[in-house]
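# Survey of secondary and tertiary structure
One letter stands for each residue in the lines below.
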Amino acid sequence: MSEPVDWLPDGTPYSPRFGDRYHSENGGLNQARRVFLHGCGLPANWAGQSQWRILETGFGFGLNFLVTWAAWRADPERPTLLHFVSTEAWPVSADDLLRATSVHPELAPLAEALHQQWWGLLPGVHRLRFDEGRVLLTLYVGDTQAMLRQQNLVVDSIYLDGFSPQRNPESWDLHTLKAVARCCRRGTRLATWTIARAVRDALAQCGFEVARVPGVPPKRDNLHATFNPRWEPRTTRQPAVAPEPALPGPCIVIGGGIAGASAAASLARRGWLVTVLDQAPEPAAGASALPAGVFAPHVSPDDSVLSRLSRSGIRATLEQARWLLNEGVDWAHCGVLEHRTDGTPGLSPNWTQAPGAAWSEPAPPAALAAAQLPPDATACWHHQAGWVRPARLARALLGQPGIQWQGHCAVAQLRRVETPTATWQAIDAQGRVLAEAPTVVIAAGAGSLALLNHRWPLQPVRGQVSWGKHSDPARPLLPLLPFPANGNGNLVPRFPLGDNPQGEQGWVMGSTFERDVQALPPSAADVHAAHGTNWAKLQGLLPGIAPQLEPLFAQVLNAPAPQPAPGEPAALHTWAAVRCTAPDRLPIAGPVDPAHLPGLWVSTAMGARGLTLALLCGELLAARLQGEPLPIDARLAKALGTERLP
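### Observations concerning the overall build of the protein
Counting its secondary structure elements, the protein contains 16 helices and 32 strands. Taking 2.2 N^0.38 as the reference for a compact globule, 646 residues should give roughly 26 Å; the C-alpha atoms of the protein span a radius of gyration of 26 Å, in line with that estimate. By its C-alpha atoms, the protein is 85 × 65 × 40 Å across when sized along the principal axes. Summarising the internal contacts of the protein: among those between residues at least 6 apart in sequence, 72% fall at separations of at least 24. Just so you have it, the protein exposes about 26000 Å², and 53% of that area is on carbon and sulfur atoms. Once the 53 positive and 53 negative side-chain charges of the protein are each reduced to a mean point, those two points are 5 Å apart.

### Focus on the pairing of strand β32 (residues 600-604)
Where burial is concerned, most of β32 is hidden: five out of the five residues are buried. On β32, burial covers both faces: Leu 600, Val 602 and Thr 604 on one face and Trp 601 and Ser 603 on the other are all buried. Pairing of strand β24 (residues 439-442) with β32 involves three bridges; the strand directions are parallel. Within β32, the residue paired with Val 440 across the bridge is Leu 600. Strand direction decides the pairing type here: strand β31 (residues 588-591) and β32, joined by four bridges, are antiparallel. Opposite Pro 591, over in β32, you have Trp 601 as the bridge partner.

### Description of the pattern of salt bridges
Tallied over the entire structure, the rule returns 26 salt bridges. We note a salt bridge from Asp 499 to Arg 392, for which the minimum N-O separation is 2.8 Å. Of this pair, Asp 499 sits in the loop between β27 (489-496) and β28 (505-510) while Arg 392 is found in helix α11 (residues 390-398), placing the two residues 107 residues apart along the sequence. For Glu 514, the salt bridge goes to Arg 462, with nearest N and O atoms at 2.6 Å. Within this pair, whereas Glu 514 is found in strand β29 (residues 514-515), its partner Arg 462 is found in strand β25 (residues 459-470), the two being separated by 52 residues in sequence. The exposure class assigned to Arg 462 is buried, which follows from its relative accessible area of 1%. Counted as one network, the salt bridges with shared partners bring together Arg 269, Arg 270, Glu 619 and Glu 628.

### Focus: the packing of helix α2 (residues 63-74) against helix α4 (residues 108-117)
One way to put it is that α2 packs onto α4 with a least axis distance of 10 Å and a crossing angle of 120°. Accordingly, the angle class assigned to the pair α2 and α4 is oblique. Here the hand of the crossing between α2 and α4 comes out right-handed. The segment α2 lies against α4, with Phe 65, Leu 66, Trp 69, Ala 70 and Arg 73 engaging Leu 110, Ala 111, Ala 113 and Leu 114. Its residues assigned to classes, the contact of α2 with α4 comprises eight nonpolar, no polar and one charged.

### Points about the side chain of Thr 317
If you trace the backbone, Thr 317 turns up in helix α9 (residues 305-324). Those residues in contact with Thr 317 that lie beyond four places of it in its chain are Phe 295, Leu 611, Thr 612 and Leu 615.

### Comments concerning the environment of Val 154
Checked against the element boundaries, Val 154 lands in the loop between α5 (144-150) and β8 (155-160). A relative accessible area of 28% places Val 154 in the partly exposed class. Along the backbone, Val 154 and Val 180 are 26 residues apart, and their C-alpha atoms lie at a distance of 9.8 Å.

### Details of the sheet that holds strand β9 (residues 184-192)
Within a sheet, each strand pairs with its neighbour through backbone hydrogen bonds, oriented either parallel or antiparallel. As summarised here, the arrangement of the eight strands in space is β6-β7-β5-β4-β8-β9-β11-β10, forming an open sheet in which the pairing is mixed. What marks the edges here is a single partner per strand, and that holds for β6 (124-130) and β10 (208-214). Taken pair by pair, the neighbouring strands of this sheet meet at an average axis angle of 20°, ignoring direction. Contacts from α2 reach β4 (51-57), β5 (81-88), β6, β7 (135-141) and β8 within the one sheet, and its direction differs from that of β5 by about 175°.

### Observations regarding helix α7 (residues 197-205)
Taken together, the buried positions of α7 are occupied by Val 199, Arg 200, Ala 202 and Leu 203. For α7, the buried positions fall inside an angular range of 165° around the axis, keeping them on one side. α7 presents Arg 197 and Ala 198 as exposed residues on the side facing more than 90 degrees away from its buried surface.

### Structural notes on the pairing of strand β12 (residues 250-254)
Summarising burial for β12: four of the five residues are buried, a large majority. For β12 and strand β13 (residues 273-277), the ladder comprises five bridges, and the chain directions are parallel. Looking at β13, one finds that Cys 251 is bridged to Val 274. A crossover connection joins β12 to the parallel β13 through helix α8 (residues 258-269); in handedness this β-α-β unit is right-handed.

### Quick notes on the packing of aromatic side chains
The geometry of an aromatic ring pair is captured by the separation of the ring centres together with the interplanar angle, meaning the angle of the planes. What the rule picks out here adds up to 17 aromatic pairs. Consider the rings of Phe 65 and Phe 130, whose centres lie 5.7 Å apart with planes at 50°: the pair is tilted. You can see Phe 65 sitting in helix α2 and its partner Phe 130 sitting in strand β6, a full 65 residues away along the chain. Both residues of the pair, Phe 65 and Phe 130, belong to the buried class. When the ring centre of Trp 7 is taken as origin, the NZ or CZ atom of Arg 99, which lies over that ring, is 4.1 Å away. The ring of Phe 513 carries Arg 579 above its face, with NZ or CZ at 5.1 Å from the centroid.

Cut-offs applied
- Residues numbered from 1 in each chain as written.
- Predicted model: local features only at pLDDT ≥ 70, side-chain atom pairs only at ≥ 80, totals over all residues.
- Heavy atoms only, no water.
- Helix = DSSP H or I, 4+ residues; strand = E, 2+ residues; numbered from the N terminus.
- Rg over C-alpha atoms; globule rule 2.2 N^0.38 Å.
- Contact = heavy atoms within 4.5 Å.
- Areas by Shrake-Rupley, 256 points an atom, 1.4 Å probe, with all protein chains shown as cover.
- Lys, Arg positive; Asp, Glu negative; His and termini not counted.
- Charge placed at Lys NZ, Arg CZ, Asp CG, Glu CD.
- Buried < 20%, exposed > 50% of the residue type's maximum accessible area, 1.4 Å probe, protein only.
- Pairing = 2+ DSSP bridges.
- Salt bridge = Lys/Arg side-chain N within 4 Å of Asp/Glu carboxyl O.
- Axes fitted to C-alpha atoms, helices over the stretch in contact; angles between N-to-C directions.
- Parallel < 35°, antiparallel > 145°, perpendicular 65-115°, else oblique.
- Left-handed = near helix turned anticlockwise from the far one by under 90°.
- Nonpolar A, V, L, I, M, F, W, Y, C, P; charged D, E, K, R; others polar.
- Arc of directions from axis to C-beta.
- Right-handed = clockwise from strand over helix to strand, strands pointing away.
- Phe/Tyr/Trp six-rings, centres within 6.5 Å; stacked < 30°, edge-to-face > 60°.
- Lys NZ or Arg CZ within 6 Å of the ring centre and 35° of its normal.

Here you go:
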């Protein structure tokens, strides 16, 4: 449940847990600006930087974040990217958050944007994105000391905030401040409102040079500190061989599907000049040409690695779809019903309490009835889920400033040239140089295997979907279901085939998983078999809905090799593409071999979860490339990293 808040007569929020005000009675806005923002020398210190990284202990109602965000917006010399990382063990409710921040009219639009994303904050790491991904709020929900010790983080400024040392001593003790110091580079500046002797002594012991400065009323003094230890500080935990952080510059991305477009967009937002190479004439010609697909979180009773990754991926997909796409035409945040046809529970018994229920919960009776499933069916309802037209998303990502598209560019090999400066060259089959840059990202799906010289045991997987369209209101052929469903297979029951949400509609059902099969296009016999597989999945997934489509499948499946009449399209269509998976079925995002192949990165092996995970992988890759705070828990990043592979 959300943290309870009392409201004092003067409107100040008060914590019953700690018996203390959330901010000064003279107003949190003044404290945020003068104690923390100006106390860290901001905005002057971030001027002209490619990124600036701030760590705050104790998010509270987010006033420090909102004030910093507003200062970033108002500064013509602002960094390209603002990272704000904040710990919070006891998140308040979205309503209380808005109540506390909306009293400041100059911050009202920012407060409303924060309020809209303030949901589903389970323990762990959450990345919230604002101003089209140039302001990144990373919330560590949990104990400050524990969370900081688990992450790999380097910051430029620190807001040491929280309830008073007398009320909440754990937030100010030596062990917590050591965890804070571990996140510092030499020169990191810290500001706080407390001048408690124990805090000053602990900061000095951790390597800070500490000074008392005139305070913000009602405080007579505040504290400033700079991390400048007499010893050489240990670096944060990294893989045995980690690439040095790179500054924005030229970059090549190979692959114009969702994975490549996501990586290109994440880098372009950071100021990189990205050239995207693809063998097709247009973007999203491979697996991302799927007519429409489902995005939904994965659930498991033990909240597995994939479940946690999928939630972070869904946040990224939702936020970027809202920036870039036309809802109702290109995508819809409509929720998805998951029918667990094997009868296994998807959610743990205690999951239904907030904030987990903001993500997923047992399917309500109304959703089961709409899907024509029995009341006792084992099913989940995913609130943060929907459908998207992948090609529309890929094209929108690639249309952002800083990205140059080059089609008809089939890369046969990559060659590293050391002189006059170290660079990578993308070479075609005739030996021509298609492009060159110091940094290359391989994001070519199943085509990544050859470019990686089969370095890892990636497995190609062909998938085929069955789909149809409807343009005659007198002959309704769309399944009568108001939302997508997934489980063993998935169904998107209706989506626009063009730009008019009321125009011609389509439905799509699939998909097959044909491992180690790469032949395209599939043979007539393979198409016939795929329709049979998809029809069987549909009958198990939605036995009450399937009869609506039975005439279409029967028309095809009753003939050994269905052939439409000349010039007349078949009522039941097929679509096929080849994806690839890693042995552990998780994507791969990271440097290929920083010791021997510096500058070569990869984002691939999305399998069937590209719509859920590709945008997250693009952000993870960019963060690792630039030495930024990671968008996910460090342990989850390790699960996606190249270092896990043999």
